[in-house]
Amino acid sequence: MTGAAPLFSLALLAPALLYAAYGDWLRRDIPNKLNAAIALTAPLYWWAAGFSLWPEIAIIVGLALALFILFTGAFAIGAMGGGDVKMIGALALWMTPMQLPVMLVVMAIAGGILTTVMLIYHRSRKKPEKLEIPYGIAIAIGGLWVVLNEILTIGAVTN
């Protein structure tokens, strides 16, 4: 995948992820419209990147759906918010099968660090309310890691 078109579409995803992280930090909410925009613009990236409908796009959609279903289970037991689940599913539409595990590992590491820091802060302040982790930040970090790596890779190939 080379050229300016995939770079441009990836460059549009980065601000959306930053906006989601910022909003989740402030309000503990990731708007449905933002998640829908992330999901609905993925086909533009597929087209710009030259992905074939079969098997590439079919695999990407299948993996995104599987991930969405898996994390819906986390939502069902109260371990994750609905916006987080939708964001993971939408972001997965932008990831190839090689990128998705990288995103998930970076997301898990960032989420662990975020949770630990927030837990220490929460307990040190002896706050009585339930701790809510803005996991959209960790999801955005995982996505940005892959997106920035891809932008750097495409940029190196085109130079």
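Per chain, residues are indexed from 1 in the order of the written sequence. Given that the model is predicted, a residue must reach a pLDDT of at least 70 before its local features are reported, and side-chain atom pairs must reach 80 or more before they are shown or counted; all residues, however, enter totals for whole chains, interfaces and linings. Only hydrogens and water are set aside; all other atoms, that is, all heavy atoms of the structure, feed into the side-chain values.

Asks: An account of the side chain of D84 is requested, with residue identities and associated values reported.
Replies: Only DSSP runs of H or I reaching four residues or more are called helices, and only runs of E reaching two or more are called strands; each is numbered from the N terminus. Structurally, D84 is set in helix α4 (residues 82-92). Any residue under 20% of the maximum accessible area for its type is buried, any over 50% is exposed, and the rest in between are partly exposed; the area is computed with a 1.4 Å probe on protein chains only. Only four residue types enter the tally: Lys and Arg on the positive side, Asp and Glu on the negative side, with His and both chain ends excluded. A pair is scored as a salt bridge if a Lys or Arg side-chain nitrogen falls within 4 Å of a carboxyl oxygen belonging to Asp or Glu. The charged side chain of D84 is buried without a salt bridge, its nearest counter-charge being R28 at 8.8 Å. Should any heavy atoms of two residues lie within 4.5 Å, those residues are considered in contact. For D84, the contacting residues outside a window of four places in its chain are D24, I30, Y135, G136 and I139.

Asks: Would you mind going over the nonpolar core in detail, with residue names and values included?
Replies: To define a nonpolar core, start from buried Ala, Val, Leu, Ile, Met, Phe, Trp, Tyr and Cys residues and group those joined through side-chain atoms within 4.5 Å. In this structure, L17, I38, W46 and W94 are the most contacted members of the largest nonpolar core, which totals 46 residues. Elements with a minimum of two residues in this core: α1 (4-27), α2 (32-49), α3 (53-76), α4, α5 (99-124) and α6 (136-158). The element best represented in this core is α6, accounting for eight residues. Dropping the residues within four chain positions of it, I38 is found in contact with L13, A16, L17, A90, L91 and W94.

Asks: I'd love a proper account of empty space enclosed by the protein, names of residues and values included.
Replies: Of the two site types, the cavity is a set of points on a 1 Å grid over the protein atoms alone where a 1.4 Å probe fits but cannot get out, and the pocket is an open set with protein on both sides within 12 Å along at least five of seven lines, each lined by residues with an atom within 4 Å of a point. Grid points are joined across faces, edges and corners, and a volume is the space filled by probe spheres set on the points. Counted by the stated rule, this structure contains one cavity of 30 Å³ or more. As a volume, the largest cavity reaches approximately 40 Å³. Together, L10, Y45, W94, M95, Q99, V146, V147 and E150 line the largest cavity. Here the element with the most residues in the lining of the largest cavity is α6; it accounts for three residues. When residues are grouped by polarity, Ala, Val, Leu, Ile, Met, Phe, Trp, Tyr, Cys and Pro land in nonpolar, Asp, Glu, Lys and Arg in charged, and all others, Gly among them, in polar. A breakdown of the residues in the lining of the largest cavity according to their chemical character gives six nonpolar, one polar and one charged.

Asks: Describe the packing of α2 against α4, naming the residues involved and giving the relevant values.
Replies: Lines fitted to C-alpha atoms define the axes, with helix axes restricted to the stretch in contact, and inter-axis angles between N-to-C directions lie between 0 and 180 degrees. The geometry of α2 relative to α4 is characterised by a closest axis approach of 8 Å and an angle of 15° between their N-to-C directions. Classified by the interaxial angle, the pair formed by α2 and α4 is roughly parallel. The two elements α2 and α4 meet at a crossing, and its hand is left-handed. Within the contact between the two elements, α2 uses N32, N35, I38 and A39 and α4 uses G83, K86, M87, A90 and L91. Looking at the contact of α2 with α4, its residues break down into five nonpolar, three polar and one charged. Roughly parallel covers angles under 35 degrees, roughly antiparallel covers those over 145, roughly perpendicular covers 65 to 115, and oblique covers all other angles. The handedness criterion is simple: a crossing whose near helix is rotated anticlockwise from the far helix by less than a right angle is left-handed, and one whose near helix is rotated clockwise is right-handed.

Asks: Can you lay out the layout of surface pockets for me, pointing to particular residues and giving the numbers?
Replies: Reported here for the largest pocket is a volume of approximately 390 Å³. Considering every element that reaches the lining of the largest pocket, the biggest residue donor is α4, with four residues. Approximately 210 Å³ is the volume found for the second largest pocket. If you tally residues by element for the lining of the second largest pocket, the top one is α5, at five residues. Residues of the lining of the second largest pocket, tallied by class, amount to six nonpolar, one polar and five charged.

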